[in-house]
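Listed here are the chains, written in short residue letters.
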Amino acid sequence: MTPWVEFVVAALIVIGTVFALVGSIGLVKLPDVMTRLHSPTKATTLGVGALLVASIISFYHWKGKLAINELLITLFLFLTAPVAAQFLARAYLHLHCDSAGDLPATNRPCQWSTFQCACPPDAEDGSAAKP
Amino acid sequence: MTKPSEIASPKLPFRQRWIPHPSLTGVMILLWVAMANNFSPGGWLLGTCLGLAIPLLTQSIWDTTPKIASYGNVLIYALVVLWDVLVANIEVAWLILFESPRDLRPQWITVPLDLRSREGIAVLAGTVTLTPGTVSCDLSADGRSMLVHCLDARDIEEIIRRIKTRYEARLLRIFR
């Protein structure tokens, strides 16, 4: 049994590090801020996920301890990565974009919320979602 | 202006007054026990204290409770997103390693939203960020359009159709 477990754990560690490395290469290789945002939000989630699964398997097999809390790290990563990406994107919008020219139209009677805080009450049903 | 909930709270029944969000309380207890990796009675007791106290202390944030129409659909949605995250990782890794950045056509697109629930829109925005080639960046001030940045926008219609049919349609069945 043990060689198989060792093989699986080793494979997961290699997969995890390869994806983490690719995420970092993307950060260097992609041309501007917005395209660079794509690389850490995606390529690293699988990297960290594979490393954590390897850690859970090895702890369970050699120490007999089931470490559920490591699964939660993946969950928290799923919750925090999009929030961090959104903050970076909004900072970019504030610094480099102008609401009229650079962005596509909202197709609504208001601006993107980075450029307009409050929206006049909606004529249709008045149930505008809060930004 | 006083919120309606503040006026009404002393008259609410015991359960609604002290456990305003039972499912939030349940999730917090399970999360605490799993995070501390401590399944002893002491762990459950501390988790229960936190699960009761935190929703009460943060009640000003939770002014409404989202209605989940079907927990089966939540599970299906989670599996679909997990699978897509896996695919997204491999696609983005391929793009980074083997394609020249000059061939990419990054572009902003506007996605009209049919979802009205705040929680639903938050889940959709997170999903769009974690799945292939798209990062959600902003909402229109009335919350009815989403600004999405595409890494490689060769087929904008296809990207919008994918977001709307694969994710938004499923979320519309979950958040009523």
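Residues numbered from 1 in each chain as written. Chains lettered and ligands numbered in written order. Predicted model: local features only at pLDDT ≥ 70, side-chain atom pairs only at ≥ 80, totals over all residues. Heavy atoms only, no water.

Caption draft 1: Expanded view of the pairing of strand 2 (residues 134-139) of chain B. All names here are of chain B. Burial analysis of strand 2 places six of its six residues in the buried class, which makes it a mostly covered element. Looking at chain direction, strand 2 and strand 3 (residues 145-150) are connected through five bridges and run antiparallel. Residue pairing in the sheet places T134 in a bridge with C150 of strand 3. Hairpin connection, strand 2 to strand 3: the antiparallel pair is bridged by five residues, and G143 has positive phi, about 70°. (Buried < 20%, exposed > 50% of the residue type's maximum accessible area, 1.4 Å probe, protein only. Helix = DSSP H or I, 4+ residues; strand = E, 2+ residues; numbered from the N terminus. Pairing = 2+ DSSP bridges.)

Caption draft 2: Here's a closer look at helix 7 (residues 156-174) of chain B. All names here are of chain B. In this model, helix 7 (19 residues) spans 26 Å end to end at C-alpha, consistent with the 27 Å of a helix rising 1.5 Å per residue. Roughly 35° is the biggest bend found in helix 7, and it falls at E168. Within the sequence span of helix 7, burial applies to I159, I160, I163, Y167, E168, L171 and I174. Turning to helix 7, the residues buried within the fold contact helix 5 (71-98), strand 1 (107-112), helix 6 (118-130), strand 2 and strand 3. (Expected span 1.5 Å × (residues − 1). Bend = angle between axes of the 7 residues up to and from the residue. Contact = heavy atoms within 4.5 Å.)

Caption draft 3: The arrangement of the domain arrangement of chain B in detail. Taken domain by domain, chain B consists of domain 1 (4-61) and domain 2 (71-174). The straight-line distance from the C-alpha centre of domain 1 of chain B to that of domain 2 of chain B is 33 Å. (Domains from an automatic or database assignment.)

Caption draft 4: Structural detail: the packing of helix 5 of chain B against helix 6 of chain B. Residues and elements named next belong to chain B. The geometry of helix 5 relative to helix 6 is characterised by a closest axis approach of 9 Å and an angle of 25° between their N-to-C directions. With respect to helix 6, the element helix 5 is oriented roughly parallel. Residue-level inspection shows Y77, V81, V85 and A88 of helix 5 in contact with helix 6, the latter providing V123, T127 and L130. Partitioning the contact of helix 5 with helix 6 into residue classes produces six nonpolar, one polar and no charged. (Axes fitted to C-alpha atoms, helices over the stretch in contact; angles between N-to-C directions. Parallel < 35°, antiparallel > 145°, perpendicular 65-115°, else oblique. Nonpolar A, V, L, I, M, F, W, Y, C, P; charged D, E, K, R; others polar.)

Caption draft 5: Examining the side chain of D142 of chain B more closely. Residues and elements named next belong to chain B. Mapped onto the elements, D142 comes out in the loop between strand 2 and strand 3. We classify D142 as buried; its relative accessible area is 2%. There is a polar contact of 2.7 Å between the side chain of D142 and the side chain of S140. Of the polar contacts made by the side chain of D142, one reaches the backbone nitrogen of R144; its length is 3.3 Å. (Polar contact = N/O pair within 3.5 Å; in protein donor to acceptor, adjacent residues only side chain to side chain.)

Caption draft 6: Expanded view of the interface of chain A and chain B. Contacts between chain A and chain B engage 58 residues on the former and 50 residues on the latter. Across the chain A/chain B interface, buried area totals approximately 4300 Å², and carbon plus sulfur atoms make up 69% of it. Contact with chain B buries surface across chain A, with H38, K42 and W112 of chain A losing the most and accounting together for 16% of the total. Across the contact surface, chain A and chain B share seven residue pairs in polar contact (both at pLDDT 80 or more). (Buried area = accessible area lost by both parts, 1.4 Å probe.)

Caption draft 7: Looking closely at the sheet that holds strand 1 of chain B. Residue and element names in this part refer to chain B. Judged by pairing direction, the sheet is antiparallel, and its three strands sit side by side in the order 1-3-2 without closing on themselves. Edge positions in the sheet fall to strand 1 and strand 2, since each of these pairs with one other strand and no more. Taking the axes of each pair of neighbouring strands and ignoring which way they run, one obtains an average angle of 30° across the sheet. The sheet contacts of helix 6 involve strand 2 and strand 3, and relative to strand 2 the element is tilted by about 145°.

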